[in-house]
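Each chain, written out:
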Amino acid sequence: MRRRQFISLAGGAVVAWPFEVWAQQTKRLPIVALVGVAPTPVADISGSDPVRPWARAFVHGLRDLGWIDGRTVIIEPRITEPKAAPDILREMVERSADVIVVGGARWLHDAARAATPAIPIVTLFQDDPVKGGLIASMSRPGGNLTGVAQTTGPEFFAKRLQLLLEIAPNASRVALVGPRGVLEQFRPVALPAGISVAPIELEVAEQFDAAFAAILDGKSDALMVSGSALTYNAGNIKRVVAFAAGNRLPAIHGYREAVDAGGLLSYGTSIPGIYGQMAIMVARFLGGAKAGDVPAETPTRFELVVNLKTAKTLGLSVSPAFLARADEVIE
């Protein structure tokens, strides 16, 4: 080969190879917005192994399906409160997010839907999404919103009340604390003779003091804490557990994390488990599914957890039959 021809070919190779690598490195990765509810620090839901179990379950769920943060997808974590939600969601739309994942608060659902009618939104529904007007049906949600329901309707709440009364048989006035949509779901439940249930709305953090005052003013002797994005926050879990303990109220919570924090009893879904389900749904959208094509889902598992130490503190005895039905007993 002549010297001039060799230099020309070699020079072409030197120029072409870096350009090809540059093109691969600058190829746009899909973006998934992961929007949680304040006051959780955004650092706790960031990175490849987030501190918060629900965020870790989501990130790991995507990773197991081949969507690895920073390599095959970009996960944009955000934390918001009601007033800031429209701006946060608008930012994600302007970033051209491919999928938006939001927490279970109704105000967050509304902000996400207002921000975009086209980008798929995946969420945890804290109440019935069909009756609440969020989706057309579970099998065909319509629009751009889908997700996983946290409950199965009135029968779920009837079961929670039954469990509470089994462990606290002397209770007669039960306070039901939760978002408006959850309180509406409880309305059709038939109450046992001699039992009254007082619904107390708790939608945002500013309502905690009023909710606690209403429980005490109504002379409730037991408490049902409905699952929501607000009550799942670690700080708020401790706040509710401390209130129940300080007023010697037997309480059933929506999450096992409350029992870990000293609560008496929980019956509900695993929130990390639900976020694992949501990761599968997000992967379908990243794989090409269109908004409205992915059905909403129901929980795959409910768990009953009992704290015997708290029961003893409250002077409650737990039967062997009840303990045998529990998924976990904390002693």
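Details of the structure are given in the entry above.
The following paragraphs examine the structure supplied in this document. As the structure is a prediction and not an experimental result, all values here were calculated from the model. In every chain, residue numbers begin from 1 and rise along the written sequence. Local features in a predicted model are, by the rule used here, given only for residues with pLDDT of at least 70; side-chain atom pairs are given and counted only at 80 or more, and totals for whole chains, interfaces and linings are based on all residues. Here the side-chain values reflect all heavy atoms present in the structure, with hydrogen atoms and water set aside.

Some thoughts on the overall build of the chain
Argument step 1. Check the secondary structure of the chain and you find 13 helices and twelve strands.
Argument step 2. In terms of overall dimensions, the chain has a C-alpha envelope of 100 × 40 × 35 Å along the principal axes.
Argument step 3. Working definition: with a 1.4 Å probe on protein chains only, accessible area under 20% of the residue-type maximum means buried, over 50% means exposed, and in between means partly exposed. Within the chain, buried positions represent 48% of all 331 residues.
Argument step 4. Working rule for contacts: check all heavy atoms of both residues, and any pair within 4.5 Å makes them a contact. Taking the contacts inside the chain whose residues are at least 6 apart along the sequence as the reference set, 66% of them involve residues at least 24 apart.
Argument step 5. We score Asp and Glu as negative and Lys and Arg as positive, and we do not count His or the chain ends. We put the charge of a Lys on NZ, of an Arg on CZ, of an Asp on CG and of a Glu on CD. Each charge class in the chain was averaged separately, 33 positive and 31 negative side chains, and the resulting centres sit 5 Å apart. For helices the rule is a DSSP run of H or I covering at least 4 residues; for strands it is a run of E covering at least 2, with both sets numbered from the N terminus onward.

Some thoughts on the sheet that holds strand 12 (residues 328-330)
Argument step 1. Only strands joined by at least two bridges in the DSSP assignment are considered to pair. Reading across from one edge, 7-6-8-9-10-11-12 is the order of the seven strands in this open sheet, with mixed pairing throughout. Each of the sheet's edge strands pairs with one partner strand only, and the pair in question is strand 7 (196-201) and strand 12. Mean inter-strand twist for the sheet, computed between neighbouring axes without regard to direction, equals 20 degrees.
Argument step 2. Axis definition: a line fit to C-alpha positions, over the contact stretch in the case of helices; interaxial angles, taken between N-to-C directions, run 0 to 180 degrees. Running at roughly 165 degrees to strand 10 (residues 265-269), helix 5 (residues 154-167) makes contact with strand 6 (173-178), strand 7, strand 8 (222-225), strand 9 (251-253), strand 10 and strand 11 (302-307) of the sheet.

Looking at the layout of surface pockets
Argument step 1. For each structure, a 1 Å grid was placed over the protein atoms alone; sets of points admitting a 1.4 Å probe that cannot get out are labelled cavities, open sets with protein on both sides within 12 Å along at least five of seven lines are labelled pockets, and lining residues have an atom within 4 Å of a point. Grid points are joined across faces, edges and corners, and a volume is the space filled by probe spheres set on the points. When its volume is computed, the largest pocket comes out at roughly 400 Å³.
Argument step 2. At the level of secondary structure, the elements contributing two or more residues to the lining of the largest pocket comprise strand 1 (31-37), helix 2 (53-64), helix 8 (229-232), helix 9 (234-246) and helix 11 (271-286).
Argument step 3. With three residues, the top contributor of residues to the lining of the largest pocket is helix 9.
Argument step 4. In this count, Pro and Cys sit with the nonpolar residues alongside Ala, Val, Leu, Ile, Met, Phe, Trp and Tyr, while Asp, Glu, Lys and Arg are called charged and the others, Gly among them, polar. Across the lining of the largest pocket, the residue classes tally to 13 nonpolar, seven polar and three charged.

Quick look at the side chain of T151
Argument step 1. Counting through the fold element by element, T151 comes out in the loop between strand 5 (145-149) and helix 5.
Argument step 2. Under this definition, polar contacts are N or O atom pairs within 3.5 Å; protein pairs additionally need one hydrogen-donor-capable and one acceptor-capable atom, and for neighbouring residues in sequence, both atoms have to be side-chain atoms. Among the polar contacts listed, one links the side chain of T151 to the side chain of Q185, at a separation of 3.4 Å.
Argument step 3. Excluding residues that lie within four positions of it along the chain, T151 makes contacts with Q126, F156, F157, Q185 and P299.

Details of the packing of aromatic side chains
Aromatic ring pairs are reported here in terms of the distance separating the ring centres and the angle at which the planes meet.
Argument step 1. Each Phe, Tyr or Trp ring (for Trp, its six-membered ring) is paired with any other whose centre lies within 6.5 Å, and the angle between the two planes then decides the class: stacked below 30 degrees, edge-to-face above 60, tilted in between. Within this structure, the stated rule accounts for eight aromatic pairs.
Argument step 2. Both rings, one in Y267 and one in F302, keep their centres 5.8 Å apart while their planes meet at 20 degrees; by these two values the pair is stacked. Here F302 lies in strand 11 and Y267 lies in strand 10, a separation of 35 residues in the sequence.
Argument step 3. Note on F302: relative accessible area 22%, which makes it partly exposed.

Digging into helix 11
Argument step 1. Taking 1.5 Å of rise per residue, 16 residues should cover 22 Å, and helix 11 covers 22 Å from first to last C-alpha, within 8% of that figure.
Argument step 2. Most of helix 11 is tucked away, with twelve of its 16 residues classed as buried.
Argument step 3. I271, P272, I274, Y275, Q277, M278, A279, M281, V282, A283, F285 and L286 are the residues of helix 11 that are buried.
Argument step 4. The N-cap residue of helix 11 is S270: its side-chain oxygen and the backbone nitrogen of G273 are 3.0 Å apart.
Argument step 5. Positive phi shows up at G288, right after helix 11, with a value of about 120 degrees. Working rule for helices: expected span equals 1.5 Å times residues minus one.

A closer look at the environment of D87
Argument step 1. With respect to the secondary-structure elements, D87 resides in helix 3 (residues 85-94).
Argument step 2. Taking the C-alpha atoms as reference, D87 lies 8.9 Å from A111; in sequence the two are 24 residues apart.

Quick notes on helix 3
Along an α-helix, residues three or four apart share an orientation, since each turn contains 3.6 residues.
Argument step 1. Residues of helix 3 that are buried: A85, I88, L89 and M92. Down the axis of helix 3, the smallest arc covering the buried residues is 95 degrees, so these residues share one side.
Argument step 2. The elements touched by buried residues of helix 3 are strand 1, strand 2 (74-80), strand 3 (99-102) and helix 4 (106-115).
Argument step 3. Directly beyond the C-terminal end of helix 3, a positive phi value near 60 degrees is found at S96. It is the directions from the helix axis to the C-beta atoms that the arc portrays.

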